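# Observations on the three-dimensional arrangement
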Amino acid sequence: MDARPQPLSGNEMPRFAGPATMMRLPARGDARGLDACFVGVPLDIGTSNRPGARFGPRAIRAESVLLRPYNMATGAAPFDSLAVADIGDVAINPYDLGDSVRIVEEAYDRILATACRPLTMGGDHTIALPILRAMRRRYGPVGLVHVDAHADTNDEMFGEKIAHGTPFRRAVEEGLLDTGRVVQIGLRGTGYSAGDFDWCRKQGFRVVTADACWNVSLSPLMDEVRRQLAGGPVYLTFDIDGLDPSVAPGTGTPEFAGLTAAQGFEVVRGCRGLDVVGADLVEVAPPYDTSGNTALLGANLLYEMLCVLPGPATVGDREAPGI
Ligand code: MN
Ligand code: MN
């Protein structure tokens, strides 16, 4: 097996043929020996409106066959320096959200016991909580770049503490976040109260609402974000509904007047230089994605995430003892 596999070329096998792994990378059974992995979490029983994100990982993989190895905008050549593969999906329990959260947590503990940095294909945003719990055990409290139309800091939904609108409230309560190193970008829409985003600000989060992003480049914002979040591990969580439904209609809780596709790229590319220990792209719901563009955009954003990861782990810390 190649230590640093390249994606299967479109000139070796037609792009519409062969197994649809993420970016046509080799499939592996686990994260051992990898610097980064793509992993799916096909869970949508935490959604509050339209379900369907359980089909997200499969649709993202299917659309990702169009991606090529080199980033023509940034010059990044991730497969030349990192060992990357697709390690498949986490076998969540489709009848039990609480049990699924436990299963995801355990799966990420196993991934993070290696030096591998996971790039996750959701799944609804509930999955950020178990991932952040595992991140906390591995790295301590992490900084967070959170792109979303929604703050996802509700206390409860239908009396439930675990749902796709609550993960970052739980994350604060459980000490998973370095709250002075958290930025939320793209928040908008209608709320339950006029002060919905105030709770976030009270925690020390930087809240950048969507209207503050209209018609401007987000590169200057990301310069500030890099300064604020430098000096510790950072997790990037990207809800596709942070983008406008005109470019990302295939999602469960769409809100209009969101970020453009280019602004989404600017945010991810602006994370280059941070110690990004993992990232996710969540809430792609293929049943509402008639063109496949939402999944294709999600695949591109996941590739951009790969392109901003730090260099490969050194041989000595590639695998933790006992793995
Ligand atoms: Mn969300
Ligand atoms: Mn959202």
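Please refer to the structure placed before this passage.
Just so we're clear, the structure is a prediction, and the values are computed from it rather than from any experiment.

What follows deals with the coordination of the manganese ion (ligand 1). In an ideal octahedron of six donors the angles at the metal are 90 or 180 degrees, and in an ideal tetrahedron of four donors they are 109.5 degrees. Distances from the manganese ion (ligand 1) to its protein donors, namely H125 (ND1), D148 (OD), D152 (OD) and D239 (OD), fall within the range 2.1 to 2.2 Å. In primary sequence terms, the donor set of the manganese ion (ligand 1) follows H-x22-D-x3-D-x86-D. Take H125: its relative accessible area is 0%, and that puts it in the buried class. Taking the relative accessible area as the measure of exposure, D152 reaches 7% and is therefore buried.

Next up on the list: the state of the cysteines. Such a bond, covalent and formed between the sulfur atoms of two cysteines, is termed a disulfide. On inspection of all chains with the given rule, the structure shows 0 disulfides. This cysteine, C271, is not joined by any disulfide, and C307 carries the nearest cysteine sulfur, 13 Å off. Its relative accessible area of 1% is what places C271 among the buried residues.

Binding of the manganese ion (ligand 2) to the protein goes through D148 (OD), H150 (ND1), D239 (OD), D241 (OD) and D241 (OD), at separations of 2.1 to 2.4 Å. If you look at the manganese ion (ligand 2) and the manganese ion (ligand 1), they sit 3.3 Å from each other and are both ligated by D148. Here D148 is found in the loop between β4 (142-147) and α5 (167-173), whereas its partner D241 is found in the loop between β7 (233-239) and α8 (261-269), with 93 residues between them in sequence. In this pair, the class of D148 matches that of D241, namely buried.

In this approach the atoms are scanned with a rolling probe the size of a water molecule, which exposes any empty space left behind. Space inside the largest pocket adds up to approximately 730 Å³. What lines the largest pocket is a set of 33 residues, among which S48, N154, M157, G165 and Y192 lie closest to the centre. Tallied by class, residues from the lining of the largest pocket come to 11 nonpolar, 12 polar and 10 charged. In this structure, the second largest pocket occupies an estimated 230 Å³ of space. Looking at the second largest pocket, it is lined by 14 residues, and the ones nearest its centre are G29, D30, A107, R110 and I111. Listing elements by their share of the lining of the second largest pocket, those giving two or more residues are β2 (84-89) and α3 (97-112). If you tally residues by element for the lining of the second largest pocket, the top one is α3, at 3 residues. Of the residues belonging to the lining of the second largest pocket, the class tally is 8 nonpolar, 2 polar and 4 charged.

Conventions we followed
- Per chain, residues are indexed from 1 in the order of the written sequence.
- For naming, the first written chain is A and the first written ligand is 1, with later ones following in the order written.
- Only residues with pLDDT of at least 70 get local features here, since the model is predicted, and only at 80 or more are side-chain atom pairs given and counted; chain-wide, interface and lining totals rely on the full set of residues.
- To get the side-chain values, take all heavy atoms of the structure and skip hydrogens and water.
- Atoms of type N, O and S within 2.8 Å of a metal are treated as its donors, and for Na, K and Ca the window is 3.2 Å; water is not considered, so some sites may appear to be missing partners.
- Think of it in three bands: residues with accessible area under 20% of the maximum for their type are buried, residues over 50% are exposed, and the middle band is partly exposed, with areas taken using a 1.4 Å probe on protein chains only.
- The disulfide criterion is simple: two cysteine sulfur atoms within 2.5 Å.
- Numbering of helices and strands runs from the N terminus, with a helix taken as a DSSP run of H or I at least four residues long and a strand as a DSSP run of E at least two residues long.
- Here a cavity means grid points, on a 1 Å grid over the protein atoms only, where a 1.4 Å probe fits yet cannot get out; a pocket means an open set of points with protein on both sides within 12 Å along at least five of seven lines; lining residues are those with an atom within 4 Å of a point.
- Grid points are joined across faces, edges and corners, and a volume is the space filled by probe spheres set on the points.
- Note on residue classes: Ala, Val, Leu, Ile, Met, Phe, Trp, Tyr, Cys and Pro are nonpolar, Asp, Glu, Lys and Arg are charged, and everything else, Gly too, is polar.

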